[in-house]
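# Tertiary structure, described
These are the residues of each chain, in order.
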Amino acid sequence: MANFYALRRVSIDLPVSVGTASTLVAAANEHRKYLLIVNTSNQDFWIRLGTAAAVSTGLFVARNGFAYEIDNNNLWVGDVFAVHTGVGGTRVASVLELS
């Protein structure tokens, strides 16, 4: 878990609309300590680090509240992209970044 007393900035970006084309959900941040992306939609997401997301490639995040977490164990400070697998429905991700 991030040391919250050493944080430079807390950024909460709610919500992020994820499309059926690759969507930037968190821009590169060299000071990133923690990032949480929660799939609050009713469709699955795929996440890719540093390159455009595509269905069936990268990190799978199931619908209805499943999440992907970046912390000290898997720290990534580059761009994070997501893509929505379905048409219609809710296409929202909740993003919390601490840096």
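Before reading on, note that the structure itself is shown above.
Residues numbered from 1 in each chain as written. Predicted model: local features only at pLDDT ≥ 70, side-chain atom pairs only at ≥ 80, totals over all residues. Heavy atoms only, no water.

### A word on the overall build of the chain
Of the regular secondary structure elements, the chain holds 0 helices and 8 strands. Sequence-ordered secondary structure for the chain, helices as α and strands as β, is β-β-β-β-β-β-β-β. Looking at the chain as a whole, 41% of its 99 residues qualify as buried. In the chain, once contacts between residues fewer than 6 apart in sequence are set aside, the share between residues at least 24 apart is 77%. Total accessible area computed for the chain in this model is approximately 5,300 Å², and 53% of it derives from carbon and sulfur atoms. (Helix = DSSP H or I, 4+ residues; strand = E, 2+ residues; numbered from the N terminus. Buried < 20%, exposed > 50% of the residue type's maximum accessible area, 1.4 Å probe, protein only. Contact = heavy atoms within 4.5 Å. Areas by Shrake-Rupley, 256 points an atom, 1.4 Å probe, with all protein chains shown as cover.)

### Some points on the sheet that holds strand 2 (residues 23–26)
Sheet strands pair via backbone hydrogen bonds, and the direction of the pair is either parallel or antiparallel. Read across the open sheet, the 4 strands follow the order 2-7-4-5; overall the sheet is antiparallel. Each end of this open sheet is capped by a strand with a single partner; those strands are strand 2 and strand 5 (59–61). Sheet twist, expressed as the average angle between the axes of neighbouring strands with direction ignored, equals 35°. (Pairing = 2+ DSSP bridges. Axes fitted to C-alpha atoms, helices over the stretch in contact; angles between N-to-C directions.)

### Observations regarding the nonpolar core
A general trend in soluble globular proteins is that nonpolar side chains are found buried together. The biggest cluster of nonpolar side chains holds 15 residues, and the ones touching the most others in it are Val18, Val25, Leu35, Ile37, Ile47, Val80 and Val95. Elements with a minimum of two residues in this core: strand 2, strand 3 (34–39), strand 4 (45–49), strand 6 (67–70), strand 7 (80–84) and strand 8 (92–98). (Core = buried A, V, L, I, M, F, W, Y, C linked by side-chain atoms within 4.5 Å.)

### Overview of the pairing of strand 4
Inspection of the sheet shows strand 4 paired to strand 5 by 3 bridges, in the antiparallel sense. Looking at strand 5, one finds that Ile47 is bridged to Leu59. For strand 4 and strand 7, the ladder comprises 5 bridges, and the chain directions are antiparallel. Bridging across to strand 7, Leu49 finds its partner in Val80.

### Side note on the side chain of Thr23
Among the structural elements, Thr23 can be located in strand 2. Its relative accessible area of 16% is what places Thr23 among the buried residues. At a separation of 3.0 Å, a polar atom in the side chain of Thr23 contacts the main-chain amide nitrogen of Gly19. Beyond its immediate chain neighbours, meaning those up to four positions away, Thr23 contacts Ser17, Val18, Val80, Phe81 and Ala82. (Polar contact = N/O pair within 3.5 Å; in protein donor to acceptor, adjacent residues only side chain to side chain.)

### So, the pairing of strand 6
Consecutive side chains of a regular strand alternate in pointing toward one face of the sheet and then the other. In strand 6, alternate side chains face the same way, and those of Tyr68 and Ile70 are buried while those of Ala67 and Glu69 on the opposite face are not. In the sheet, strand 3 pairs with strand 6 via 4 bridges, with the strands oriented antiparallel. Within the sheet, the bridge partner assigned to Val38 lies in strand 6 and is Ala67.

None of this, on its own, says anything about what the molecule does.
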